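# Descriptive structure summary
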Amino acid sequence: MLPYGRQSINEDDIEAVAAVLRGDWLTTGPTVTAFEEAIAEYVGAARAVSVTSGTAALHTAYAAAGVGPGDEVITTPMTFVATASCAVALGASIKFADIEPDTANVDPAAIEPLLSERTKVVAPVDFAGQPVEIDRINELAHGVGALTVEDAAHSIGSLTHGRHVGSVADLTTFSFFPTKNMTTAEGGAVATRDAALGQRAHEFHFIGLVRDRDRMRYPDEGPWHQEVHSWGLNYRLSDVHCALGLSQLKRLASFKARRAEIFARYQEAFAGVDGLGIHGVREGVDPTWHLYPVRIKDGRRREVFEKMRASGIGVQVNYIPVYWHPLFEDLGFRRGLCPNAEQFYAEELSLPMFADLTDSDVDRVIETLTGIVG
């Protein structure tokens, strides 16, 4: 079975991890610091905090933004459920804004009427790796005193108008799951351009511990003393994971280039094919493509999905609209809320997309899909 996504690991990656295993620090050590500094420098953020997953990154970012009971978070339904559920876990209410039909990114025009004095965060998602219109979304959010949390699980390495994703939103979250653009095995990060938000993210992911004596309530307790001033969780990423991340970050440019070649091959092959629709790309973006979403027309998506799998080609569907999940149905959400997202879901099929995909693999995917829909 040709997978729809997988990691790319080489000997440099393996040696980087082995070097940490031979050393003195397995966690909370110098490699974590080095990785966080490298991510911050790469994306142009004031600070980056590594965490155990992309979900942990979202939870941490929302906590750093001060999300809590009575607040509202606006996001897209075309995402993994964690983009919404992590805000719900902190007591917030969710509002879903519909997507642009061609890119599957949230439509800023759909966000605007949902804004209110209770809006705490607007959380757009860079679907498939293509950056959202973050400047407009920042403008909308800041206009009501809210922050932006850009879910960039798909898009580390992407640029919007020459700026790295991670340098424009108030907070940005990354995922380093094996199928993503680079990996730490499991892991993620929160990047922010605001040092104070970065410190809040750090403390939340570090069980809320405060070690700065100037901030302690009881600073004279002893040299061992530390305090917890607010709720936090242990979302710390280990030195072992961060060693892999540092090595992978050095390879991200080559990963991006190969993914761009594959995306272009698919776009060219499927343009004008009856029964298929290709993905829309905005001007001013330079994506690191995490997914290749093709549209299967005429109600044939399930048939094509099953035939592709039967042919040994791993395909996936990204995503079930978040409010279709029973968790959100039980909160009162109903189907029909975001028509563009529901139509996109009905047609979307993610084809194999990863850096080690060969040209012959790509040919096989193209020939199989066009043969099925032809």
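Look above for the structure.
Figured I'd write up the structure that's included with this text.

Reading the values: the criteria
Residues numbered from 1 in each chain as written. Predicted model: local features only at pLDDT ≥ 70, side-chain atom pairs only at ≥ 80, totals over all residues. Heavy atoms only, no water. 1 Å grid on protein atoms, 1.4 Å probe; cavity = no way out; pocket = protein on both sides within 12 Å on 5 of 7 lines; lining within 4 Å. Points joined across faces, edges and corners; volume = space filled by probe spheres on them. Phe/Tyr/Trp six-rings, centres within 6.5 Å; stacked < 30°, edge-to-face > 60°. Helix = DSSP H or I, 4+ residues; strand = E, 2+ residues; numbered from the N terminus. Buried < 20%, exposed > 50% of the residue type's maximum accessible area, 1.4 Å probe, protein only. Axes fitted to C-alpha atoms, helices over the stretch in contact; angles between N-to-C directions. Parallel < 35°, antiparallel > 145°, perpendicular 65-115°, else oblique. Left-handed = near helix turned anticlockwise from the far one by under 90°. Contact = heavy atoms within 4.5 Å. Nonpolar A, V, L, I, M, F, W, Y, C, P; charged D, E, K, R; others polar.

### Topic: empty space enclosed by the protein
- Tallying each qualifying case throughout the model produces 1 cavity of 30 Å³ or more.
- What the largest cavity holds in volume is close to 60 Å³.
- Lining of the largest cavity is provided by 13 residues; of these, R6, S8, K180, N181 and R259 occupy positions nearest its centre.

### A closer look at the packing of aromatic side chains
- Here the structure, examined in full by the defined rule, presents 14 aromatic pairs.
- Ring centres of F96 and Y323 lie 5.5 Å apart, and the angle between their planes is 55°; this geometry places the pair in the tilted category. One end of the pair, F96, is in strand β3 (residues 93-96); the other, Y323, is in the loop between α9 (301-310) and α10 (326-329), and 227 residues separate them in sequence. Both residues of the pair, F96 and Y323, count as buried.

### Description of the packing of helix α3 (residues 54-64) against helix α4 (residues 82-89)
- Running from N to C, α3 and α4 point in directions that differ by 45°, and their axes come no closer than 9 Å. The orientation of α3 relative to α4 falls into the category oblique. Two packed elements cross with a definite hand, and for α3 against α4 that hand is right-handed. Seen from α3, the contacting residues are T55, L58, H59 and Y62; seen from α4, they are A82, T83, C86 and A87.
- Class assignment for the residues of the contact of α3 with α4 results in 5 nonpolar, 3 polar and no charged.

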